[in-house]
2 protein chains.
Amino acid sequence: MRDRNERLMAIRRLINGSNISSQEELQDQLERQGFSMTQATLSRDLKYLKVAKMPDSEKGYIYMLTERQLNDPSENEDIPITGFVSIDYAQGMAIMKTLPGHASSIAYALDNLNSYEIAGTIAGDDTILVIPRDGVTKGDLTNLLKTKMPGFRREEVH
Amino acid sequence: MRDRNERLMAIRRLINGSNISSQEELQDQLERQGFSMTQATLSRDLKYLKVAKMPDSEKGYIYMLTERQLNDPSENEDIPITGFVSIDYAQGMAIMKTLPGHASSIAYALDNLNSYEIAGTIAGDDTILVIPRDGVTKGDLTNLLKTKMPGFRREEVH
DNA sequence: AAGGAATATGTATAAATATACAATATGAGA
DNA sequence: TCTCATATTGTATATTTATACATATTCCTT
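The present account deals with the structure reproduced in this document. Treat the numbers as computed from the prediction; the structure is a model and nothing was measured.

Moving on to the overall build of chain A. Across its full length, chain A holds 5 helices and 6 strands. Scored against the burial criterion, the 158 residues of chain A give a buried share of 44%. The contacts in chain A between residues at least 6 apart in sequence include a share of 52% that link residues at least 24 apart.

Here we come to the protein's contact with DNA strand D. Around DNA strand D sit 22 residues, and of these Thr41 and Arg44 of chain A together with Ser43, Lys53 and Tyr63 of chain B come closest. Each atom of DNA strand D within 4 Å of the protein belongs either to a base or to sugar and phosphate, the latter forming 69%. In this structure, a phosphate oxygen belonging to DNA strand D sits 3.3 Å away from a side-chain N or O atom of Tyr61 of chain A. Here Ser43 of chain B contributes a side-chain N or O atom positioned 2.7 Å from a phosphate oxygen of DNA strand D. Elements with a minimum of two residues in the surface near DNA strand D: helix 1 (3-17) and helix 3 (39-48) of chain A together with helix 2 (23-32) and helix 3 (39-48) of chain B. Ranked by the residues each element gives to the surface near DNA strand D, the list is headed by helix 3 of chain B, at 5 residues. Looking at the surface near DNA strand D residue by residue, the classes come out as 7 nonpolar, 7 polar and 8 charged.

Taken together, 21 residues are adjacent to DNA strand C, and Ser43, Lys53 and Tyr63 of chain A together with Thr41 and Arg44 of chain B come closest. Expressed as a percentage, the sugar and phosphate content of the atoms of DNA strand C within 4 Å of the protein is 70%. At 2.9 Å, a side-chain N or O of Arg7 of chain B approaches a phosphate oxygen of DNA strand C. With 5 residues, the single largest contributor to the surface near DNA strand C is helix 3 of chain A. Looking at the surface near DNA strand C residue by residue, the classes come out as 7 nonpolar, 7 polar and 7 charged.

All names here are of chain A. For the pair helix 2 (residues 23-32) and helix 3, interaxial distance at closest approach is 10 Å and the crossing angle is 100 degrees. With respect to each other, helix 2 and helix 3 are oriented roughly perpendicular. Contacts from Gln23, Leu26, Gln27 and Leu30 in helix 2 reach Gln39, Leu42, Ser43 and Leu46 in helix 3. Partitioned by chemical class, the residues of the contact of helix 2 with helix 3 number 4 nonpolar, 4 polar and no charged.

Our focus in this paragraph is the pairing of strand 1 (residues 52-56) of chain B. In summary, the side chains of a regular strand alternate between the two faces of the sheet. Residues and elements named next belong to chain B. Judged by how many residues are buried, strand 1 sits mostly within the fold: 4 of 5 residues are covered. Pairing of strand 1 with strand 2 (residues 60-64) involves 5 bridges; the strand directions are antiparallel. Residue Met54 lies in a different strand from strand 2, and its bridge partner there is Ile62.

Our next topic: the pattern of salt bridges. Residue and element names in this part refer to chain A. Counted under the stated rule, the structure contains 4 salt bridges over all chains. The salt bridge partner of Asp45 is Arg7, with a shortest N-O separation of 2.5 Å. In this pair, Asp45 sits in helix 3 while Arg7 sits in helix 1, placing the two residues 38 residues apart along the sequence. Pair check on accessibility: Asp45 and Arg7 agree, each one buried.

Before going further, it helps to spend a moment on the packing of aromatic side chains. Within a pair of aromatic rings, the relevant descriptors are the distance that separates the centres and the angle that separates the planes. In this structure the tally under the stated criterion is 0 aromatic pairs over all chains. Its end group placed over the ring of Tyr48 of chain B, Arg4 of chain B keeps NZ or CZ at 4.8 Å from the ring centre.

Residue and element names in this part refer to chain B. Turning to its location among the elements, Leu49 is positioned in the loop between helix 3 and strand 1. Leu49 gets classed as buried once you look at its relative accessible area, which sits at 3%. Distance from Leu49 to Val85, taken between C-alpha atoms, is 6.0 Å for residues 36 residues apart in sequence. The contact partners of Leu49, leaving out residues within four places of it in the chain, are Leu8, Ile11, Arg12 and Val85.

Parameters and conventions
Residues numbered from 1 in each chain as written. Chains lettered and ligands numbered in written order. Predicted model: local features only at pLDDT ≥ 70, side-chain atom pairs only at ≥ 80, totals over all residues. Heavy atoms only, no water. Helix = DSSP H or I, 4+ residues; strand = E, 2+ residues; numbered from the N terminus. Buried < 20%, exposed > 50% of the residue type's maximum accessible area, 1.4 Å probe, protein only. Contact = heavy atoms within 4.5 Å. Near = heavy atom within 4 Å. Polar contact = N/O pair within 3.5 Å; in protein donor to acceptor, adjacent residues only side chain to side chain. Nonpolar A, V, L, I, M, F, W, Y, C, P; charged D, E, K, R; others polar. Axes fitted to C-alpha atoms, helices over the stretch in contact; angles between N-to-C directions. Parallel < 35°, antiparallel > 145°, perpendicular 65-115°, else oblique. Pairing = 2+ DSSP bridges. Salt bridge = Lys/Arg side-chain N within 4 Å of Asp/Glu carboxyl O. Phe/Tyr/Trp six-rings, centres within 6.5 Å; stacked < 30°, edge-to-face > 60°. Lys NZ or Arg CZ within 6 Å of the ring centre and 35° of its normal.

Rendered as structure tokens:
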């Protein structure tokens, strides 16, 4: 039952990576990865993840992530981050360093992303502890931040 | 049978304006506006319009126009684009779908933008192939269209 | 105007998806 | 630990949506 989070992440990855056109297909893919659940559960998962189903010229219909992430790098103006200094990963968590006094405002912005990946944040004066959900990888987090935080990316992102 | 175009436009207006959560509901609304058709037809219309269905915290599920177009009833009159349906990208080019018969007029408008980004267009009856210059990205093109074509726009799903 | 291809639609039904309900599991207190 | 509240899931089924097939309509082309 602790699988849930991992399953949710796996679903996101699958939907983002390949073109899934039905819950049955999704179920097959997940089972191939060792997950086991019924169509009903997937229906609930997709609702939880706010995954949309849209017509596609190739496959008829495909599922799509809606809270854009890992998407078009061309737009995204979401959150103007100022004061960001660096990010490191340890103990499965991300530690962001900021200019003195800037931590809470950035953490606030992070919270407001309302993204699945981030379970929560704790901000000090110049440091933010970003706690990812179980199953969220460093790469997932980096992608999230890259796409939602202009001024992030580049070499600071170790 | 020439109702179709009007119906397609009405559908977009409805979906854009209110939160429709099923084809049955859509059918009711349309009938209230004097249209008459079955659920099957709506299913086909929604596919044609590339309308996505996504989870919504209030209504459970709602239909949404996908990544573009949205007729702001309030303003913008510059170059009124009517009949625009959707845009897709493939082979480095953009494929725009329009209502039947509207392609050439929209293509004409596109040509008249005299923008650097667009090398040329080829219009069929309800499809326009937009050929970008080398090096022009999908994002560049989207930006161009967003700013120069009222009635175009992107938001929603994606 | 007639014939034929292409398009649009309805009907009936298949396919896909959502959910009520019951069962099970998990977590927080007492 | 025990108990209650909450969360997760499966089963069975209802609801919703897509589509095969037949029919009707439109558009050419002659």
